[in-house]
Amino acid sequence: MRLKIRAVTVHEVELSLNSCIEDVKLMSKKIAEINEDVLSLRLSLEAKYVDASLLDKLSKLTRVNELNYISVWLEEVTALEEIVELLSISEKVYVSFMYSNDLPFKASELLFTVHERLSWSGCSRLGLSIGEPPQTPYFPVNRPEERGFSVSLLYPKHLLDLLNFGHSLSEALKLIAERTLELCRGLERGLPFLGVDYSLSPWMDDSVVELIERVSGVEFGDPGTISAIVEVNRAIRTAAHKYEGIGFNEVMLPYAEDNRLKDLGRRGLLTLRDLMSYTVYCVAGLDMVLIPVSDGVKFADSMLRDLTETKALKGRCIGFRVLLADRPPGLEVNLGEFGVTPVLRVK
């Protein structure tokens, strides 16, 4: 099985339009040369605040054909409307910033407004960070610290196959890491290589949950699930330490991106409360969770307060990305590229 690169992300610490375009086009050329499965080319940016210059530069960058997605980390947020304005530029644009009690609006107000104006798509491109985010190829919660490029992988099935062939977790991750670094060496000419985020993240049938069930030997959610998540996390962190890791390097459970998670939600075996409990062990935090508008308005601020306590306990950044639906729990919503997704119950 060929290794799939989920994203090659170019990081820029200075928002120079010409430099950004030059680096993106250079990386696009290198990707074509290595002839591997690279699913997206991304650009990670940072801005002090939203102004006309930022809006203009982002608008121009969205027209770069080689570029799939752009994330902007905002140092300062002064108004709810500026977030909506950024997200409205293009579906290529993702926005994240630090959550705090000092924000000039409630998170529930922001979620509701983005949902009303931009539907689930806008919510899927908005991330709040509880704690300082790392430099990572993953979107939306990330912050560029130095110029260069990083890589993330799509590899649950690949890892599962290696386990089924008799490799241990550490052996399988070693094989994957060594192959990944070979590919990265072919990309780094002209732009510094910053590292690989070895986080285990899903995409539909390439399910993280199936891998966790293979390690635990039980259905996801049953006793043994948490210890399996921790076991995989430890193995990933060890590999990241040895093989130029960057970013989160943990199990990720984005609800709308994992068909096995969606199946559990459809059967009533997974709730918002369950996913909140897993944030202690899964660094992505509460990610791509689809809940009714009424529950989002009622519980968003409380969820963030709970996640703030989880972050204090865990000592690592936690992300928050929640989608709202104009439907009750149990009904389904077509989320475009994310497919048909059941609305989750709170408990």
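An account of the accompanying structure is given in this report. None of these values were measured; they are calculated from a predicted model.

A short note on the side chain of Ser 90
- Counting through the fold element by element, Ser 90 comes out in the loop between helix 3 (80–88) and strand 5 (93–98).
- Within the local environment of Ser 90, its side chain forms a polar contact with the backbone nitrogen of Lys 92, the two atoms lying 3.0 Å apart.
- Setting aside anything within four residues of it in sequence, one finds Ser 90 in contact with Thr 62 and Arg 125.

Comments concerning helix 11 (residues 293–314)
- Between its terminal C-alpha atoms helix 11 stretches 29 Å, which fits the 32 Å expected from 22 residues at 1.5 Å a residue.
- Taking the largest bend as the criterion, helix 11 deviates by roughly 50°, centred on Phe 299.
- Listing the buried residues of helix 11 in full gives Val 293, Asp 295, Gly 296, Ala 300, Asp 301, Met 303, Leu 304, Leu 307, Thr 310 and Lys 314.
- On its buried face, helix 11 sits against helix 4 (107–124), strand 6 (126–130), helix 10 (272–278), strand 9 (286–292) and strand 10 (318–325).
- Once helix 11 ends, the next one or two residues include Gly 315, with phi positive near 80°.

Focus: the environment of His 115
- Along the chain, His 115 falls in helix 4.
- Residue class for His 115 comes out buried when judged on its relative accessible area of 6%.
- In this structure, the C-alpha to C-alpha distance between His 115 and Ile 83, residues 32 residues apart in sequence, is 12 Å.
- Excluding residues that lie within four positions of it along the chain, His 115 makes contacts with Trp 120, Cys 123, Val 293, Leu 324, Ala 325 and Asp 326.

A short note on the environment of Leu 261
- Relative to the helices and strands, Leu 261 is located in helix 9 (residues 259–266).
- What makes Leu 261 buried here is its relative accessible area of 0%.
- Along the primary structure Leu 261 and Pro 202 are separated by 59 residues, whereas in three dimensions their C-alpha atoms are 10.0 Å apart.
- The contacts of Leu 261, once residues within four sequence positions are left out, are Val 209, Phe 220, Leu 253, Pro 254, Tyr 255 and Leu 270.

Quick word on the side chain of Lys 262
- You can see Lys 262 is positioned in helix 9.
- No salt bridge is formed by the buried Lys 262; the nearest opposite charge belongs to Asp 258, separated by 8.3 Å.
- Within the local environment of Lys 262, its side chain forms a polar contact with the backbone oxygen of Phe 338, the two atoms lying 2.6 Å apart.
- In contact with Lys 262, other than residues within four places in its own chain, are Met 204, Tyr 255, Ala 256, Phe 338, Gly 339, Val 340, Thr 341 and Pro 342.

Here's the deal with a positive patch on the surface
- Side chains of Arg 273, Lys 298, Arg 345 and Lys 347 sit close together on the surface and give a patch of like positive charge.
- Tracing the backbone through its elements, the reader meets Arg 345 in the segment after strand 12 (340–342).

Some thoughts on the nonpolar core
- Counting residues in hydrophobic clusters, the biggest one holds 116 residues, and the most contacted among them are Val 8, Leu 74, Phe 97, Tyr 155, Tyr 198, Leu 286 and Phe 320.
- Residues Tyr 138, Val 141, Phe 248 and Met 252 belong to the second largest nonpolar core, which totals five residues.

Quick notes on the packing of aromatic side chains
- According to the stated counting rule, one finds seven aromatic pairs in the structure shown.
- The interplanar angle of 85° and the centroid separation of 6.4 Å between the aromatic rings of Phe 97 and Phe 105 together place this pair among those described as edge-to-face. As far as the burial class goes, Phe 97 and Phe 105 line up, both buried.
- Here a set of aromatic residues connected by ring pairs shows up, and it is made of Tyr 69, Tyr 94 and Phe 139.

About the cut-offs
- Residues numbered from 1 in each chain as written.
- Predicted model: local features only at pLDDT ≥ 70, side-chain atom pairs only at ≥ 80, totals over all residues.
- Heavy atoms only, no water.
- Helix = DSSP H or I, 4+ residues; strand = E, 2+ residues; numbered from the N terminus.
- Polar contact = N/O pair within 3.5 Å; in protein donor to acceptor, adjacent residues only side chain to side chain.
- Contact = heavy atoms within 4.5 Å.
- Expected span 1.5 Å × (residues − 1).
- Bend = angle between axes of the 7 residues up to and from the residue.
- Buried < 20%, exposed > 50% of the residue type's maximum accessible area, 1.4 Å probe, protein only.
- Lys, Arg positive; Asp, Glu negative; His and termini not counted.
- Salt bridge = Lys/Arg side-chain N within 4 Å of Asp/Glu carboxyl O.
- Patch = residues over 30% accessible without salt bridge, like charges linked within 9 Å, V, L, I, M, F, W, Y side chains within 5 Å.
- Areas by Shrake-Rupley, 256 points an atom, 1.4 Å probe, with all protein chains shown as cover.
- Charge placed at Lys NZ, Arg CZ, Asp CG, Glu CD.
- Core = buried A, V, L, I, M, F, W, Y, C linked by side-chain atoms within 4.5 Å.
- Phe/Tyr/Trp six-rings, centres within 6.5 Å; stacked < 30°, edge-to-face > 60°.

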